[in-house]
Amino acid sequence: RITNHQNSKIFVGYWLLVLTIMCYLIILIGGLTRLTESGLSMVDWRPFLGIIPPLNDKEWLKVFEMYKKTPEFIIVNSSMTMNEFKYIFWWEFFHRFFARMIGFVFIFPFIYFLLKKQLKNKDIISLIIILLFGALQAFVGWWMVKSGLNNDPYVSQYRLSFHLTNAVIILSLLILMTLNQFEKIKQQKIRYLSINRLFVISLILTLVTIISGSFVSGTDAGKSFNTFPLMNGKFFPDGYFYFDSFFNNIFENIIAIQFNHRWLAIFTFFWTLFVVIYTLFKKVPVLHQFACYTIAIIMTLQIVLGILTLINNVPISLASLHQANAILLYCSLLITSFLFSKKT
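Criteria and thresholds
- Residues numbered from 1 in each chain as written.
- Predicted model: local features only at pLDDT ≥ 70, side-chain atom pairs only at ≥ 80, totals over all residues.
- Heavy atoms only, no water.
- Helix = DSSP H or I, 4+ residues; strand = E, 2+ residues; numbered from the N terminus.
- Rg over C-alpha atoms; globule rule 2.2 N^0.38 Å.
- Buried < 20%, exposed > 50% of the residue type's maximum accessible area, 1.4 Å probe, protein only.
- Contact = heavy atoms within 4.5 Å.
- Expected span 1.5 Å × (residues − 1).
- Patch = residues over 30% accessible without salt bridge, like charges linked within 9 Å, V, L, I, M, F, W, Y side chains within 5 Å.
- Areas by Shrake-Rupley, 256 points an atom, 1.4 Å probe, with all protein chains shown as cover.
- Salt bridge = Lys/Arg side-chain N within 4 Å of Asp/Glu carboxyl O.
- Axes fitted to C-alpha atoms, helices over the stretch in contact; angles between N-to-C directions.
- Parallel < 35°, antiparallel > 145°, perpendicular 65-115°, else oblique.
- Left-handed = near helix turned anticlockwise from the far one by under 90°.
- Phe/Tyr/Trp six-rings, centres within 6.5 Å; stacked < 30°, edge-to-face > 60°.
- Lys NZ or Arg CZ within 6 Å of the ring centre and 35° of its normal.

**Student:** Lay out the overall build of the protein chain with the relevant residues and their values.
**Tutor:** Scanning the protein chain from N- to C-terminus turns up eleven helices and zero strands. Its C-alpha atoms give the protein chain a radius of gyration of 22 Å, near enough to 20 Å, the size a compact globule of 344 residues would have. Taking the principal axes of the C-alpha coordinates as reference, the protein chain spans close to 65 × 55 × 35 Å. Counting over 344 residues, the protein chain shows a buried share of 46%. Contacts spanning at least 24 positions in sequence make up 78% of the contacts within the protein chain whose residues lie at least 6 apart.

Spelled out as structure tokens, the structure:
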């Protein structure tokens, strides 16, 4: 028999699940916005009125004229037509619109569950933390766009990476909250904490690889060498130490950025493969085995997509699938780590 408390927990769980899916989708939409080079098409930030797009030719001319004053138009897109501008505008508009929708889906049910006292104190604290990260995400998004509206027609790769990392943090918190809402109390007391530690290392490596991928995306480093495994016929390419500064070299030298990303990804692949095989030999429960096989499949697909994206000079379709699968791999590792951290 389901009690009112259990009903409340289920409703909260489904709400969090919807938010989790929406958060995953906004990361994919953000990636496509970057891949289509649409992020600088909207040159102002109106948190509330920005939900309304241009509604007639006069308004379209107005926003196009605003775009014409930006470095991106002057230096990169000076021959752009109105139809071409509309293409990139709609991508950025939808990105911002969907982000606002997440805000609405978060705020109103949150208030409802608060008033109905259907949230535990720890859940309220967690949701307030997510709300703060969400507010920060909106600010960072505009801060990122502004970096390409001054003198440089390109968005700062540092701000882009910060924006993505913050989104992944929000997604992680939502996943963990959702899992906790649907978790059933177990009677046995077997834990796999040593295995969980190995998966946590995989999770961290995957996150670092995703962040390094954002630098590849932010600098278009993926288009510099389109061969694998060698770069210009060499394993360790010339120009890796182009900058004297270690920091600038790692984060601004496109040769180093691509080299680091591809081999960090390969290392993460083999480490995680080792963890999966090691875990399966331990004869863990069926659900845990399924999680391991899922990780192995997604991880292998990720490497294949990465290589195909690279050797085909980063087409939008493959690059988008590569980004989407990377976040899916991260989510799978987080869920698996959650499984192994609990009693079973």
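**Student:** An account of helix 10 (residues 286–311) is requested, with residue identities and associated values reported.
**Tutor:** Spanning 26 residues, helix 10 covers 38 Å between terminal C-alpha atoms, matching the ideal 38 Å at 1.5 Å per step. A positive backbone phi angle near 65° is found at N313, which sits one or two residues after helix 10.

**Student:** How would you sum up a nonpolar patch on the surface? Please name residues and give values.
**Tutor:** There is a patch of nonpolar side chains on the surface, built from Y14, L17, I21, L25 and F182 and spanning about 440 Å² of accessible area. In terms of residues, the nonpolar patch owes the most to one element, helix 1 (residues 4–35), which gives four residues. With respect to the helices and strands, L17 occurs in helix 1. A residue is classified by how much of its surface remains accessible, and L17, at 33% relative accessible area, is partly exposed.

**Student:** Describe the side chain of N166, listing the residues and the values that go with them.
**Tutor:** Checked against the element boundaries, N166 lands in helix 6 (residues 157–182). Not counting residues within four places of it along the chain, the set of residues in contact with N166 comprises F133, L136 and Q137.

**Student:** Account for the packing of helix 7 (residues 193–219) against helix 9 (residues 254–280), with residues named and values stated.
**Tutor:** Interaxial distance between helix 7 and helix 9 falls to 9 Å at its minimum, and their mutual angle equals 160°. Classified by the interaxial angle, the pair formed by helix 7 and helix 9 is roughly antiparallel. Two packed elements cross with a definite hand, and for helix 7 against helix 9 that hand is left-handed.

**Student:** Outline the environment of W142, supporting the account with residue identities and numerical values.
**Tutor:** Along the chain, W142 falls in helix 5 (residues 121–146). Residues W142 and G39, spaced 103 residues apart in sequence, show a C-alpha to C-alpha distance of 9.9 Å. W142 has contacts with M42, V43, D44, W45, R96 and L149, leaving out every residue within four places of it along the chain.

**Student:** Would you mind going over the environment of K117 in detail, with residue names and values included?
**Tutor:** In this fold, K117 is placed in the loop between helix 4 (82–115) and helix 5. Relative accessible area serves as the criterion here: at 75%, K117 is assigned to the exposed category. Residues K117 and H322, 205 residues apart in the sequence, show an inter-C-alpha distance of 42 Å.

**Student:** Describe the packing of aromatic side chains, with residues and values.
**Tutor:** Under the definition given, this model contains 40 aromatic pairs. Ring centres of W60 and W90 lie 5.6 Å apart, and the angle between their planes is 65°; this geometry places the pair in the edge-to-face category. Placement of W60 in helix 2 (residues 57–68) and of W90 in helix 4 is noted, with a sequence separation of 30 residues between them. Ring geometry for F85 versus F89: centroids 5.8 Å apart, planes at 50°, classification tilted. Taken together, the residues span about one helical turn, with F85 and F89 both in helix 4 at a distance of four residues. Judged by its relative accessible area of 0%, F85 falls in the buried class. A connected cluster of aromatic rings, assembled from ring pairs, spans W60, F64, Y67, F73, F85, F89, W90, F93 and F97. Lying across the ring of W60, K86 places its NZ or CZ 5.1 Å from the centre.

Keep in mind that these numbers describe shape and distance, not what the molecule does.
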